[in-house]
Structure formats: C-alpha cells, structure tokens
Amino acid sequence: MHLQEEMRIVSQHKLAPAIFEMKLAGKLVKEMKQAGQFLHLRVPCPDLLLRRPISLAEIDLKLSTCTIIYRVEGCGTEYFSKMKQGDTLDILAPLGNGFDISVVKPGKSALIIGGGIGVPPLYELSKKLITKSVKVVHLFGFATKEVIFYEEKFRVLGEVRISTDDGSYGVHGHVGDLLEKLEAENFTPDAVYACGASGMLKMVDKKFAMHPYAFISLESRMACGVGACYACVCHKNRDPTGTKSCKVCDQGPVFKTGEVVI
Ligand SMILES: Cc1cc2nc3c(=O)[nH]c(=O)nc-3n(C[C@H](O)[C@H](O)[C@H](O)COP(=O)(O)OP(=O)(O)OC[C@H]3O[C@@H](n4cnc5c(N)ncnc54)[C@H](O)[C@@H]3O)c2cc1C
Ligand code: FES
C-alpha cells in the first residue's frame with residue numbers, strides 16, 4: 001500500500017559535498033517496513049511536475065521518522081537541499097519492492113555491496129539483518145575520500161571495506177577489487193545485496209548469477225512511480241522474444257540477479 005502525506009522535515013545536514021541527510025516525520029512512517037523501498041517526493045516548485053524517487057536510508061518506527069540521503073544532481077534535489085527544519089514535503093510512500101531478508105536465517109552471513117549514492121538504502125537493510133542476527137560484511141566503493149558517508153555507522157553493524165577510484169582512502173580501485181580479495185579469503189555469503197551504479201550492478205549480477213539469494217537494486221528514470229505510466233521499464237533476461245519487460249518502480253527496484261537486463 002502506498003499513501004500520500006505532507007511530511008515534516010525534522011532535520012537536514014550536509015554529510016559531504018553535495019550530499020545531504022534529511023529526516024522526515026509523519027504517520028506514513030508506520031507503513032515503511034522494507035529496506036530498499038523508496039519515497040516519491042514532490043518538488044515544491046510548480047515548474048517541476050515529476051516527483052523525485054529517493055530511497056529510504058533509515059526507518060525509526062518509535063519516533064515516526066525516516067531518513068533519506070541524497071546527492072544534488074539537478075533542479076529537484078537542489079530544491080530539497082535548500083529546505084529547512086519545519087518545512088513540509090509532499091511524499092508518496094512507501095513505493096516499490098525492497099530487499100527480501102526472509103531468505104537469510106539467523107547465524108548466516110550476508111554480503112552488502114554499495115557504490116556512491118547507492119549506499120543509503122543499504123543502511124536500513126544492514127540494520128534489519130543485524131536485528132535478525134545475520135553477520136554482515138559491507139563492501140563500498142566511492143569516488144574519493146571526500147564523498148564517503150556513514151562509514152562509522154556501518155562499522156557499528158559489521159565489517160566495512162572501502163575502495164576509492166582515486167586511492168584517497170581505502171583500497172585504490174573499485175568495489176570489484178574488494179570483492180576479489182574477499183573471495184580469495186573464501187568468504188561465501190548466504191545472501192548478497194547490491195545497490196549502486198549500473199557498471200557495478202552488472203558485475204554483481206554476473207558474478208552472483210547462480211547464487212540463490214542475490215539481489216540488486218536498480219535505478220531508472222521514473223514518472224508516476226506506481227506502475228501506471230511505463231516510464232521505467234527494463235527488459236527481462238532469458239527472453240528470446242525480447243518483448244518481456246518489468247517496471248522498476250513497482251516490480252522493483254530490487255530484482256533477483258539474472259532476472260533483468262541491466
Ligand atoms: C528507486 C530509486 C531510488 C533512488 N534513491 C536515491 C537516493 O537514495 N539518493 C539519491 O541521491 N538519489 C537516488 N535516486 C536518484 C534520484 O532519483 C535522482 O538523482 C533525482 O531524481 C534527480 O532529480 P533532479 O531534479 O535533481 O535532477 P534532474 O536531472 O533535473 O531530474 C530530471 C528528471 O529526471 C529524473 N532523474 C534524474 N536522474 C535520475 C536517476 N538517477 N534516477 C531516476 N530518475 C532520475 C528526475 O526524477 C526528474 O524527473 C534514486 C532513483 C531511483 C529510481
Ligand atoms: S514510473 Fe510510471 S510505471 Fe514506473
């Protein structure tokens with residue numbers, strides 16, 4: 001079920017250059033149950049008609065707040081970054097299918113792979129897995145040291161390994177290099193979850209194509225966000241006709257590896 005509400009901004013902080021953390025409060029939070037789901041935010045500007053999809057980074061049911069982390073890309077996110085505590089935002093949520101954590105049992109292990117601004121939904125995911133007594137290992141790739149966020153918060157939950165494209169922090173390289181090292185240590189995760197740029201997702205999709213519990217969260221340009229307009233379709237894999245498609249907004253954004261063409 002997705003609902004609409006004017007949610008109140010409880011706080012807004014800059015985490016890194018052009019990256020902001022915003023906490024929102026409202027009754028809608030009690031509907032937000034799954035990590036990997038997203039909010040569809042109306043930009044408070046009449047010229048910008050389309051809502052902007054942003055993932056849930058954290059859900060606090062006790063305080064009725066949720067957190068989003070976003071990077072300023074264009075006009076919409078620029079507007080959000082100028083908003084202050086006490087302002088309200090028109091939100092449609094919770095949208096999409098999130099990460100399935102029922103597949104991994106207590107005492108088992110999960111590998112969480114993220115890149116850049118794909119990292120936010122993995123925080124709520126990791127928290128949920130920890131609550132289930134699942135051991136989590138995080139592999140994160142960032143462009144530079146400057147744009148790393150939430151490292152300490154993830155370290156509280158489990159091991160964190162970081163790579164940077166320019167070598168300014170952690171391993172010089174990308175997340176695939178971290179993964180190769182982990183594999184060489186014979187770590188075999190019981191579940192795999194990934195979110196990030198399409199190049200990284202392609203790598204994870206290929207590497208874990210045969211894994212029974214490996215999931216990737218896709219990004220796609222969206223309009224309605226609720227399955228009505230077909231703006232966000234992607235093609236299904238293993239479809240010789242090339243005609244079968246999925247809507248990222250309501251059949252995703254999380255898919256099983258091998259399920260869709262990235
Ligand atoms: C399911 C999902 C979850 C997302 N979660 C996050 C998140 O947690 N943090 C974050 O920083 N970004 C996230 N994004 C990307 C975010 O939606 C875009 O960066 C944002 O919509 C850009 O809006 P803009 O007005 O600033 O940019 P503009 O480029 O001006 O946007 C123009 C139009 O393109 C759309 N658009 C532009 N880039 C994207 C994109 N990458 N994906 C989808 N639509 C796009 C906008 O919604 C808008 O309709 C997510 C995208 C999806 C699909
Ligand atoms: S955005 Fe309209 S169907 Fe997905």
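Residues numbered from 1 in each chain as written. Chains lettered and ligands numbered in written order. Predicted model: local features only at pLDDT ≥ 70, side-chain atom pairs only at ≥ 80, totals over all residues.

Draft legend 1. Examining the overall build of the chain more closely. Looking only at helices and strands, the chain features 6 helices and 16 strands. Within the chain, the proportion of its 262 residues that are buried is 42%. Long-range pairs, those at least 24 residues apart, make up 63% of the contacts in the chain with a sequence separation of at least 6. (Helix = DSSP H or I, 4+ residues; strand = E, 2+ residues; numbered from the N terminus. Buried ≥ 20, exposed ≤ 12 C-beta atoms within 10 Å, placed from the backbone. Contact = placed C-beta atoms within 7 Å.)

Draft legend 2. Here's a closer look at the site of ligand 1. Taken together, the neighbourhood of ligand 1 is formed by 21 residues, with Ser 55, Tyr 70, Gly 74, Gly 76 and Thr 77 sitting nearest. The set of elements that each furnish at least two residues to the shell around ligand 1 consists of strand 4 (52-55), strand 6 (65-71) and helix 1 (75-81). Counting residues per element, the shell around ligand 1 draws most heavily on strand 4, at 4 residues. (Near = placed C-beta within 6 Å.)

Draft legend 3. Highlighting helix 2 (residues 120-131). Taken together, the buried positions of helix 2 are Pro 120, Pro 121, Leu 122, Tyr 123, Glu 124, Leu 125, Ser 126 and Leu 129. Phi for Ser 133, located one or two positions after helix 2, is positive at around 65 degrees.

Draft legend 4. Local environment of unusual backbone geometry. The peptide bond linking Ala 93 to Pro 94 adopts the cis configuration, its omega dihedral lying at -15 degrees. Take Pro 94: it is sitting in strand 7 (residues 88-95). Here the amide bond leading from Gly 252 into Pro 253 is cis, since omega sits at 5 degrees, within 30 degrees of zero. Counting through the fold element by element, Pro 253 comes out in the loop between helix 6 (248-251) and strand 16 (254-256). Positioned with a positive phi, Ser 133 is a non-glycine residue whose angle comes to about 65 degrees. Of note, Ser 133 is situated in the loop between helix 2 and strand 9 (135-142). Classification of Ser 133 as exposed rests on a count of 10 C-beta atoms within 10 Å.

Draft legend 5. How the structure looks around the pairing of strand 4. With burial as the criterion, each face of strand 4 is covered, one bearing Arg 52 and Ile 54 and the other bearing Pro 53 and Ser 55. As paired strands, strand 3 (residues 38-41) and strand 4 are joined by 4 bridges and run antiparallel to one another. Opposite Leu 39, over in strand 4, you have Ile 54 as the bridge partner. (Pairing = 2+ DSSP bridges.)

Draft legend 6. Highlighting the sheet that holds strand 2 (residues 19-25). With antiparallel pairing, 7 strands are arranged side by side in an open sheet as 4-3-7-1-2-6-5. Looking at strand neighbours, the two that pair on one side only are strand 4 and strand 5 (58-60), the edges of this open sheet. The mean inter-strand angle of the sheet, taken between neighbouring strand axes irrespective of direction, is 35 degrees. Along the sheet, helix 2 makes contact with strand 4, strand 5 and strand 6, crossing strand 5 at roughly 50 degrees. (Axes fitted to C-alpha atoms, helices over the stretch in contact; angles between N-to-C directions.)

Draft legend 7. Structural detail: the pairing of strand 6. In this sheet, strand 6 lies alongside strand 2 in antiparallel orientation, the contact comprising 7 bridges. Among the inter-strand pairings, Phe 20 is bridged to a residue of strand 6, identified as Tyr 70. Bridge count for strand 5 against strand 6 is 3 bridges, and the pairing is antiparallel. Within strand 6, the position partnered with Glu 58 by the bridge is Thr 67. Hairpin connection from strand 5 to strand 6: 4 residues lie between these consecutive antiparallel strands, with Ser 64 at a positive phi of about 55 degrees.

Draft legend 8. The arrangement of the nonpolar core in detail. With 74 residues, the main nonpolar core has Leu 56, Ile 91, Ala 110, Val 192 and Tyr 193 as its most contacted residues. Beyond its immediate stretch of four places on either side in the chain, Ala 110 contacts Val 104, Leu 129, Val 134, Val 136, Pro 189, Asp 190, Ala 191 and Tyr 193. (Core = buried A, V, L, I, M, F, W, Y, C linked by C-beta atoms within 7 Å.)

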